[in-house]
Amino acid sequence: MVASAAVRLFGMWASPAVRRVEWALKLKGIEYEYIEEDLSNKSSSLLEFNPINKQVPVLVHNCNPIVESLVILEYIDETWKENPILPVDPLERAKARFWATFVDVKCREESRKAFFMEGEEKEKAIENLQVQLKALDEELEGKKFFSGDHIGYTDLAVGWMAFWLGVAEEAAGFKANYDVKFPNFSRWMKDFLAEPVIKDNLPPREKTVEFFRAFKQLGSCTKVNQK
Amino acid sequence: MASEKGVMLLDFWVSPFGQRARIALAEKGVEYEYKEENLRDKSELLLKSNPIHKKIPVLIHDGKPICESLIIVQYIDETWSDKAPLLPSDPYQRAQARFWADFVDKKVFECGGKLWKLKGEEQEAAKTEMIEILQILEAQLGDKKYFGGDIFGFVDVAFVPFTSWFYSYETCANFSVEEVAPKIVKWAKRCMERESVEKTLPDPKKVYEFVRYLKKRFGIE
């Protein structure tokens, strides 16, 4: 265990972006202090450490704040060298970053629309999401995880879909049908969630579904932005 | 595609995202073949190289495609690492650079687009937003020579292509970048003293002509 009282993580229990950082910290065996934020009443520390976006997660290492979960992942990988999560080869790193950006920008956008919208717009978003899932499914052909035999940066980046996509579906009443249509992706979801570091670091499912149901009722006026 | 040796860039002349890649390649002294794409009739090569997004820029290195401009710039930095490092070596400074490049990515282009696409109150709101974005960036730059400090770096590469759009933003939305963010304007001039930037960025008046062409095409007065 790499003991480090100097590592603090500001988070919120239901946030996938926060869990993503926790998975990375745990994979590396880094000890940290976790601070739960009430996002409807943000602490002065959070606002001081992340004045631009005012969001979680924020990693504070030796009093230096790092924000944006994918940026935090790269920082963790470069600072603590054991159990590397990014590949060494520049081309493989570019591919890993490509998929991370793809799920964080594109898949998240369509999932958000499928979650919040109704009728035709909802249907269109689900269709778009399925096109995206197909691409992810093809990328997994012949591989256990996106990063190969072991989970890595790409798996941690896509990881929110393994748990929170199902939560969103249940809370908002839609189905992306990956278990039927995308066997590689469906298999990856199960394998990813079975990994000890992941399995022991997920929010309670029922409570999360309830949270997202309430979240949907608040509608698009939500202030809970997570990176 | 064939595993041809060498570097090719699929791009579009006015794209600030493509210009990031061109500036990075020039800083590193990398020779490459430039291929101008017709975005209304995309080439087979582009569609095969970037099947997911079908967008430029795409860097093709020894037959392997790399997509997304900031990912391309990092790839260039990591592959040709012997010269002109764009990211600092310290992990915390690197995280700062990535954050600010991501900030530019998320904020500048989209808000800029609103300035020429919208009118009336919506345009005013976009102008207020753009001024705020420029002032945040100005505060981050401070009195440094570049965003990277003394070294022209990742954030400079990410942001400098948008400086040739300032004239368009100002003309469409009626404000002055120099008035709201004078340090940014001085920084832009310093960047233009670099050959990589000077040879890559188009004349702002040509960018404005392009914006006017887009407005006509989309039926925006």
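Rules of the game
- Residues numbered from 1 in each chain as written.
- Chains lettered and ligands numbered in written order.
- Predicted model: local features only at pLDDT ≥ 70, side-chain atom pairs only at ≥ 80, totals over all residues.
- Heavy atoms only, no water.
- UniProt positions renumbered as here; feature names shortened; annotations may be inferred.
- Helix = DSSP H or I, 4+ residues; strand = E, 2+ residues; numbered from the N terminus.
- 1 Å grid on protein atoms, 1.4 Å probe; cavity = no way out; pocket = protein on both sides within 12 Å on 5 of 7 lines; lining within 4 Å.
- Points joined across faces, edges and corners; volume = space filled by probe spheres on them.
- Nonpolar A, V, L, I, M, F, W, Y, C, P; charged D, E, K, R; others polar.
- Pairing = 2+ DSSP bridges.
- Axes fitted to C-alpha atoms, helices over the stretch in contact; angles between N-to-C directions.
- Right-handed = clockwise from strand over helix to strand, strands pointing away.
- Contact = heavy atoms within 4.5 Å.
- Buried area = accessible area lost by both parts, 1.4 Å probe.
- Salt bridge = Lys/Arg side-chain N within 4 Å of Asp/Glu carboxyl O.
- Polar contact = N/O pair within 3.5 Å; in protein donor to acceptor, adjacent residues only side chain to side chain.
- Core = buried A, V, L, I, M, F, W, Y, C linked by side-chain atoms within 4.5 Å.
- Buried < 20%, exposed > 50% of the residue type's maximum accessible area, 1.4 Å probe, protein only.
- Expected span 1.5 Å × (residues − 1).
- Bend = angle between axes of the 7 residues up to and from the residue.
- pLDDT = per-residue confidence, 0-100.

The name given to chain B in an unreviewed UniProt entry is Probable glutathione S-transferase GSTU1, with Rhynchospora pubera as the source organism. On record in UniProt, under Catalytic activity (unreviewed entry), the comment for chain B is "RX + glutathione = an S-substituted glutathione + a halide anion + H(+)". The heading Sequence similarities (unreviewed entry) in the UniProt record of chain B holds the text "Belongs to the GST superfamily."

As annotated in an unreviewed UniProt entry, chain A carries the name glutathione transferase and comes from Rhynchospora pubera. Under the heading Catalytic activity (unreviewed entry), UniProt records this for chain A: "RX + glutathione = an S-substituted glutathione + a halide anion + H(+)". Under the heading Sequence similarities (unreviewed entry), UniProt records this for chain A: "Belongs to the GST superfamily."

## Considerations on the UniProt feature "domain: GST C-terminal" (unreviewed entry) in chain B
As annotated by UniProt and renumbered to match this structure, "domain: GST C-terminal" (unreviewed entry) occupies residues 90-218 of chain B. Taken end to end, residues 90-218 of chain B has its terminal C-alpha atoms 46 Å apart, with 74% of it in helix and 0% in strand.

## Quick notes on the layout of surface pockets
The volume enclosed by the second largest pocket comes to roughly 600 Å³. The wall of the second largest pocket is formed by 25 residues, among which Phe98(A), Trp99(A), Asn50(B), Pro51(B) and Ile52(B) lie closest to the centre. Breaking the lining of the second largest pocket down by element, the ones donating at least two residues are helix H4 (90-116) and helix H5 (119-139) of chain A together with helix H2 (44-49) and strand S4 (64-67) of chain B. Of the residues forming the lining of the second largest pocket, the biggest block, seven residues, is contributed by H4(A). Residue composition of the lining of the second largest pocket, grouped by class: 13 nonpolar, five polar and seven charged.

## What to know about the sheet that holds strand S1 (residues 7-11) of chain B
All names here are of chain B. Strand order in this open sheet of four strands is S2-S1-S3-S4, and the pairing throughout is mixed. Each of the sheet's edge strands pairs with one partner strand only, and the pair in question is strand S2 (33-36) and S4. Pairs of neighbouring strands in the sheet enclose a mean axial angle of 20°, with direction left out of account. One ladder, built from four bridges, connects S1 with strand S3 (residues 58-61); its direction is antiparallel. The residue of S3 that forms the bridge with Met-8 is Ile-60.

## A short note on the UniProt feature "domain: GST C-terminal" (unreviewed entry) in chain A
Following the UniProt record, the feature "domain: GST C-terminal" (unreviewed entry) maps to residues 89-215 of chain A here. The distance from the first to the last C-alpha atom of residues 89-215 of chain A is 41 Å, and the span holds 77% helix and 0% strand.

## So, the pairing of strand S2 (residues 33-36) of chain A
Residues and elements named next belong to chain A. Sheet analysis places strand S1 (residues 7-11) next to S2, joined by four bridges and oriented parallel. Note that in S2 the partner of Phe-10 across the bridge is Ile-35. Once the chain exits S1 it traverses helix H1 (residues 16-27) before rejoining the sheet at S2, and the crossover so formed is right-handed.

## Comments concerning the sheet that holds S1(A)
All names here are of chain A. With mixed pairing, four strands are arranged side by side in an open sheet as S2-S1-S3-S4. The outermost strands of the open sheet, each flanked by one partner alone, are S2 and strand S4 (64-67). Strand-to-strand twist of the sheet, defined as the mean angle between neighbouring strand axes without regard to direction, takes the value 20°. As paired elements, S1 and strand S3 (residues 58-61) share four bridges and run antiparallel to each other. Bridged to Arg-8 within S3 is Val-60. Of the strands in this sheet, S1, S2 and S3 are in contact with H1, which crosses S1 at around 155°.

## What to know about the interface of chain A and chain B
On the side of chain B, 25 residues touch chain A, which itself brings 24 residues to the contact. Around 2,100 Å² of area is buried between chain A and chain B when both sides are counted, 70% of it from carbon and sulfur atoms. A per-residue breakdown of the area chain A buries against chain B is headed by Ile52(A), Leu91(A) and Phe98(A), which together make up 26% of the total. At the junction of chain A and chain B, the tally comes to six salt bridges. With a shortest N-O distance of 3.7 Å, Lys106(B) and Glu68(A) are connected by a salt bridge. Seen at the junction of chain A and chain B, the total is seven residue pairs in polar contact (both at pLDDT 80 or more).

## Details of the nonpolar core
Residues Met161(A), Phe185(A) and Phe159(B) are the most contacted members of the largest nonpolar core, which totals 159 residues. Residues in contact with Met161(A), not counting those within four places in the same chain, are Val103(A), Cys107(A), Leu129(A), Leu133(A), Leu136(A), Gly166(A), Phe185(A) and Met189(A).

## Describing H4(A)
Residue and element names in this part refer to chain A. With 27 residues, H4 ought to run about 39 Å at 1.5 Å a step, and its terminal C-alpha atoms sit 38 Å apart, in line with that. A maximum bend of about 30° is found in H4 at Cys-107. For H4, the side-chain oxygen to backbone nitrogen distance between the N-cap and Leu-91 is 3.2 Å, and the N-cap itself is Asp-89.

## Here we look at the confidence of the model for chain B
The pLDDT averaged across chain B works out to 96; a share of 99% of its residues lies at or above 70. Scoring the predicted complex yields pTM 0.94 and, for the interface, ipTM 0.95.

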